[in-house]
Amino acid sequence: MPTEKMTDLDVTECLQLQLSEVEMLQSMFPSENEFCVDDPGVISDAQSYTDGDTTELPHQISFTLKIHVDDPKCDVEILCQFPLHYPSELPELFARSDILSRQPQKQLNDDLLEHVTSLERGEICIGEAIQWIQDNIAKYVTYSPDAGASSDAFGRTNSKKSKSEENTFSRLWIHSHHIYSKFKRKDILDLGNDSGSLTGFCLPGKPGIICVEGPKDETEELWARIRRWNWKKISCKHREDIPLKDGDEERTFDELRKFEGFEEKEFDVRGGPGREYHMDLGLFYKFLEEKQCGFVFKLLLGVEGKFASDQ
């Protein structure tokens, strides 16, 4: 990913390539049921910018593709969003199909991201992504990892939980430079709610915060999946590991939880330039204090927490 700020010419070139790719996809998938731009006005805005008619940057181009696969016979829906600097940056892609259950669908998207990441930056890649899905989806239909120390359809070993993992409650506090993408937000919620054993929250915006708590192995699995995605910057700032048995005292996972369910939180959303937005951090600190987690505010953000009325 480029580290230097791109010039206006770079942005123009990127938008020109995006518009060319959209035009190509429209010719490949002419039916509205096959290709649908989320907001057609964004295409016009991008064209106006590349033509020099305006200096206002357009919003991101996003669209949905529906492709048919012959083997196995199925339809696959691909949700796509172009960052402003695509193809110098990775597109955001999410593939789904009615024939896939949640776990193989997650694996499909993990592997799709890995494939797209391996491609040369600066080249449009949606056509390549479509071809990869068509060539590889069959193995995900038969994806059915067994419990215990066995191998799944991809040759990966699913080892049994250790006794320490089974008897340890963990709470992870994850900080991201930002969480804007509607695809990432959906995936985070799906991961958090998938097992039924995890609780916590996701705070989108800038910065982005994720808290997940529950059995140690499951919190670590969620963190391992999330950090593989394409991020500007993300790290686990703090973790709490609490044994269920401490001397003569025994506790359950539910007794140690601070949160109910796994959900997205918002606190007086405030807009910024482009797609940037952030939350009222005073209200966020109040929320943490109510959950007896106020101490983590400084660990996450580097400043002392203050209530909204104190700011």
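Relevant structure appears above.
So, here's what we can say about the structure. Because the structure is predicted, anything quoted here is derived from the model rather than measured.

Below, the discussion takes up the overall build of the chain. Of regular secondary structure, the chain possesses ten helices and 15 strands. Pairs at least 24 apart in sequence give 64% of the contacts found in the chain among residues at least 6 apart. Carbon and sulfur atoms make up 45% of the accessible area of the chain, which amounts to about 16,400 Å² in all.

Moving on to the nonpolar core. In this structure, Phe 63, Leu 65, Val 76 and Ile 126 are the most contacted members of the largest nonpolar core, which totals 37 residues. Counting only elements with at least two residues in this core, the list comes to helix H1 (8-28), strand S1 (35-37), helix H2 (40-50), strand S2 (62-69), strand S3 (74-81), strand S4 (92-96), helix H3 (102-118) and helix H4 (126-141). Among the elements that line this core, the one with the most residues is H4, at seven residues. Excluding residues that lie within four positions of it along the chain, Ile 126 makes contacts with Glu 21, Leu 25, Leu 65, Cys 80, Phe 82, Tyr 86, Pro 91 and Leu 93.

Across its 16 residues, H4 extends 22 Å between first and last C-alpha, which sits within 8% of the 22 Å expected from 1.5 Å per residue. When the local axis directions of H4 are compared, the greatest deviation, roughly 40 degrees, occurs at Asp 135. When we look at burial in H4, the residues that qualify are Ile 126, Ala 129, Ile 130, Trp 132, Ile 133, Asn 136, Ile 137 and Tyr 140.

Every other side chain in a regular strand lies on the same face of the sheet, so the side chains alternate between the two faces. Burial within strand S9 (residues 208-215) is extensive, with eight of its eight residues counted as buried. Note: strand S7 (residues 168-176) against S9, eight bridges, orientation antiparallel. Across the sheet, Arg 171 pairs through a bridge with Glu 213, a residue of S9. Pairing of strand S8 (residues 199-203) with S9, which is carried by five bridges, proceeds in the antiparallel orientation. Note on S9: the bridge partner recorded for Thr 199 is Glu 213. The loop that links S8 with its antiparallel partner S9 comprises four residues; one of these, Gly 205, has a positive phi angle of about 105 degrees.

What follows covers empty space enclosed by the protein. All chains considered together, the criterion is met by one cavity of 30 Å³ or more. By volume, the largest cavity amounts to about 50 Å³. Forming the boundary of the largest cavity are Tyr 86, Pro 87, Glu 89, Leu 90, Pro 91, Val 116, Leu 119, Glu 120, Arg 121, Gly 122, Glu 123 and Cys 125.

A cis amide bond links Tyr 86 to the next residue, Pro 87, at an omega of 15 degrees. Within the element layout of this structure, Pro 87 appears in the loop between S3 and S4. Residue Lys 206 is joined to Pro 207 through a cis peptide bond whose omega torsion reads 0 degrees. Looking at the element boundaries, Pro 207 is found in the loop between S8 and S9. Positioned with a positive phi, Gln 292 is a non-glycine residue whose angle comes to about 60 degrees.

On to helix H9 (residues 281-290), then. Listed as buried for H9 are Gly 282, Phe 284, Tyr 285, Phe 287 and Leu 288. Looking at the buried positions of H9, the neighbouring elements they touch are S7, S8, S9 and helix H10 (296-301). Its side-chain oxygen 2.9 Å from the backbone nitrogen of Gly 282, Asp 280 forms the N-cap of H9. Count one or two residues on from H9 and you reach Gln 292, which has phi positive near 60 degrees.

Right, let's talk about the sheet that holds S3 for a bit. What the four strands build is an open sheet, ordered S1-S2-S3-S4; its pairing is antiparallel. The two strands at the open ends of the sheet, each matched to only one other strand, are S1 and S4. The average angle at which neighbouring strand axes cross in this sheet is 15 degrees, direction not considered. For S2 and S3, the ladder comprises eight bridges, and the chain directions are antiparallel. If you follow His 68 over to S3, its bridge partner there is Asp 75. With respect to the sheet, H4 is in contact with S2, S3 and S4, its orientation differing from that of S2 by roughly 35 degrees.

Attention shifts here to the pairing of S4. With respect to burial, S4 is a largely interior element, four of its five residues being buried. As judged from the five bridges shared by S3 and S4, these two strands associate in the antiparallel manner. Residue Glu 77 lies in a different strand from S4, and its bridge partner there is Arg 96.

Glancing now at the packing of H3 against helix H6 (residues 182-194). In a packed pair of helices, the relevant descriptors are the angle between the two axes and the axis-to-axis distance. The interhelical angle for the contact between H3 and H6, taken along N-to-C directions, is 140 degrees, at an axis separation of 12 Å. By the criterion of interaxial angle, the relationship of H3 to H6 is oblique. Of the two elements, H3 crosses H6, and the hand of that crossing is left-handed. Residues Arg 102, Gln 103 and Lys 106 of H3 form the contact with H6, whose participating residues are Asp 190, Leu 191, Asn 193 and Asp 194. Looking at side-chain class alone, the contact of H3 with H6 contains one nonpolar, two polar and four charged residues.

Thresholds applied
- Residues numbered from 1 in each chain as written.
- Predicted model: local features only at pLDDT ≥ 70, side-chain atom pairs only at ≥ 80, totals over all residues.
- Heavy atoms only, no water.
- Helix = DSSP H or I, 4+ residues; strand = E, 2+ residues; numbered from the N terminus.
- Contact = heavy atoms within 4.5 Å.
- Areas by Shrake-Rupley, 256 points an atom, 1.4 Å probe, with all protein chains shown as cover.
- Core = buried A, V, L, I, M, F, W, Y, C linked by side-chain atoms within 4.5 Å.
- Buried < 20%, exposed > 50% of the residue type's maximum accessible area, 1.4 Å probe, protein only.
- Expected span 1.5 Å × (residues − 1).
- Bend = angle between axes of the 7 residues up to and from the residue.
- Pairing = 2+ DSSP bridges.
- 1 Å grid on protein atoms, 1.4 Å probe; cavity = no way out; pocket = protein on both sides within 12 Å on 5 of 7 lines; lining within 4 Å.
- Points joined across faces, edges and corners; volume = space filled by probe spheres on them.
- Polar contact = N/O pair within 3.5 Å; in protein donor to acceptor, adjacent residues only side chain to side chain.
- Axes fitted to C-alpha atoms, helices over the stretch in contact; angles between N-to-C directions.
- Parallel < 35°, antiparallel > 145°, perpendicular 65-115°, else oblique.
- Left-handed = near helix turned anticlockwise from the far one by under 90°.
- Nonpolar A, V, L, I, M, F, W, Y, C, P; charged D, E, K, R; others polar.

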